[in-house]
Amino acid sequence: MKKRIQWGVVLLLPIITLGAMWMLRRDTSERNREWPTQMQYSPAYLSQTSNPVLPDGMTSQPPVAGTIPRGWMPFHYAPGAEEAARAGRELKNPFQSSEENLARGQYVYQNYCAVCHGATGGGDGPMIPRYPNPPSYKTEQSKTLADGAMFHAITVGRNNMPAHASQVGAEDRWKVILYIRRLQGM
Ligand code: HEC
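Residues numbered from 1 in each chain as written. Predicted model: local features only at pLDDT ≥ 70, side-chain atom pairs only at ≥ 80, totals over all residues. Heavy atoms only, no water.

As a further point, take the nonpolar core. Formed by 15 residues in total, the largest nonpolar core has its most connected members in Y109, V176, I177 and I180. Secondary structure elements with two or more residues in this core: α3 (99-117), α5 (147-156) and α6 (170-183). It is α6 that contributes the most residues to this core, six residues altogether. In this structure, I177 is in contact with N93, D147, M150, F151 and I154, ignoring residues within four places of it in sequence. (Core = buried A, V, L, I, M, F, W, Y, C linked by side-chain atoms within 4.5 Å. Buried < 20%, exposed > 50% of the residue type's maximum accessible area, 1.4 Å probe, protein only. Helix = DSSP H or I, 4+ residues; strand = E, 2+ residues; numbered from the N terminus. Contact = heavy atoms within 4.5 Å.)

Written out as structure tokens, the structure reads:
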């Protein structure tokens, strides 16, 4: 007997398929089902989130006491004249007065110091006399002030001289001293 194509079945199959697709149609405004999810969602806690395991409930833990950032030099001197003198005895300027270092020192000086100390270090910047004036760098006292004592004054401040550690980095503080020496004609 000759086999006949079952046209009914042939038509029925796409109808069932399309019908099933229509019935199971998904809401495209929602995320599709995900499985497994371990790859998308790391089980690790994000740094700035709370944490049920670690102390204080914080994921980001404070650094161990005494930790210092890479490349950062601690400064073991308290404010005050005695400590300034000790810094003067113990600290040496690690930079040579090369053209490059002097140029950097000049840049720092003009941006952070000249307002008070004056363009040529005369203690007569535009802030003066509204701000109690600093001594001229050209005095004997200033010329004989050790580099370390200057570094101390710039780092922790001295009387009316505000501490500049937060706005001028340690290397720049040494380089600005090279420039001050240049202003002093040394
Ligand atoms: C707000 C004004 C002001 C600014 C800005 C300032 N200084 Fe001073 N500085 C002073 C005053 C005032 C003194 C005098 C402090 C004292 O009487 O002991 C002084 C003193 C000093 C001394 C000691 C000078 C000496 O002969 O004994 C140094 C070194 C110095 N400053 C460096 C700097 C450097 C470097 C900067 C910029 C990074 C700077 N200062 C920015 C006001 C300022």
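Now for the coordination of the iron atom of the ligand. The protein atoms donating to the iron atom of the ligand are H117 (NE2) and M161 (SD), with metal-donor distances spanning 2.0 Å. The coordination sphere of the iron atom of the ligand comprises six donor atoms, whose angles at the metal cover 87 to 179°; the geometry is octahedral. With a gap of 44 residues between them, H117 in helix α3 and M161 in the loop between α5 and α6 connect regions that are remote in the sequence. Classification of H117 as buried rests on a relative accessible area of 11%. (Donors = N, O, S within 2.8 Å, 3.2 Å for Na, K, Ca; no water. Tetrahedral: all angles 85-135°; square planar, octahedral: opposite > 155°, others 65-115°.)

With that out of the way, let us pick up the environment of D27. Mapped onto the elements of the fold, D27 is located in the loop between α1 (7-23) and α2 (81-90). The class of D27 is partly exposed, set by a relative accessible area of 45%. For D27, the side chain forms a polar contact with the side chain of S29, separated by 2.7 Å. (Polar contact = N/O pair within 3.5 Å; in protein donor to acceptor, adjacent residues only side chain to side chain.)

This part covers the packing of α3 against α6. Here α3 crosses α6 at 95°, and the two axes come no closer than 7 Å. In terms of orientation, α3 lies roughly perpendicular with respect to α6. For the pair formed by α3 and α6, the contact residues are E99, N101, L102, R104, G105, Q106, V108, Y109 and C113 on the first element and D172, K175, V176, L178, Y179, I180, R182 and L183 on the second. Across the contact of α3 with α6, the residue classes break down as nine nonpolar, three polar and five charged. (Axes fitted to C-alpha atoms, helices over the stretch in contact; angles between N-to-C directions. Parallel < 35°, antiparallel > 145°, perpendicular 65-115°, else oblique. Nonpolar A, V, L, I, M, F, W, Y, C, P; charged D, E, K, R; others polar.)

Time to look at the side chain of S136. Within the fold, S136 resides in the loop between α3 and α4 (140-144). Within the structure, S136 has its side chain in polar contact with the backbone nitrogen of K138 (distance 2.9 Å). Once residues lying within four places of it in the same chain are set aside, the contact partners of S136 are G121, G122, G123 and S142.

What follows is about the site of the ligand. Taken together, the neighbourhood of the ligand is formed by 23 residues, with C113, C116, H117, S142 and M161 sitting nearest. Q141 places a polar side-chain atom, nitrogen or oxygen, 3.3 Å from an oxygen atom of the ligand. Applying the majority rule of atoms within 2 Å of the grid points places the ligand in the largest pocket. Elements with a contribution of two residues or more to the shell around the ligand: α3, α4, α5 and α6. The greatest single-element share of the shell around the ligand, amounting to five residues, is contributed by α3. A breakdown of the residues in the shell around the ligand according to their chemical character gives 16 nonpolar, six polar and one charged. (Near = heavy atom within 4 Å. 1 Å grid on protein atoms, 1.4 Å probe; cavity = no way out; pocket = protein on both sides within 12 Å on 5 of 7 lines; lining within 4 Å. Sits in = over half its atoms within 2 Å of the grid points.)

Function cannot be inferred from these measures alone, as they are strictly geometric.
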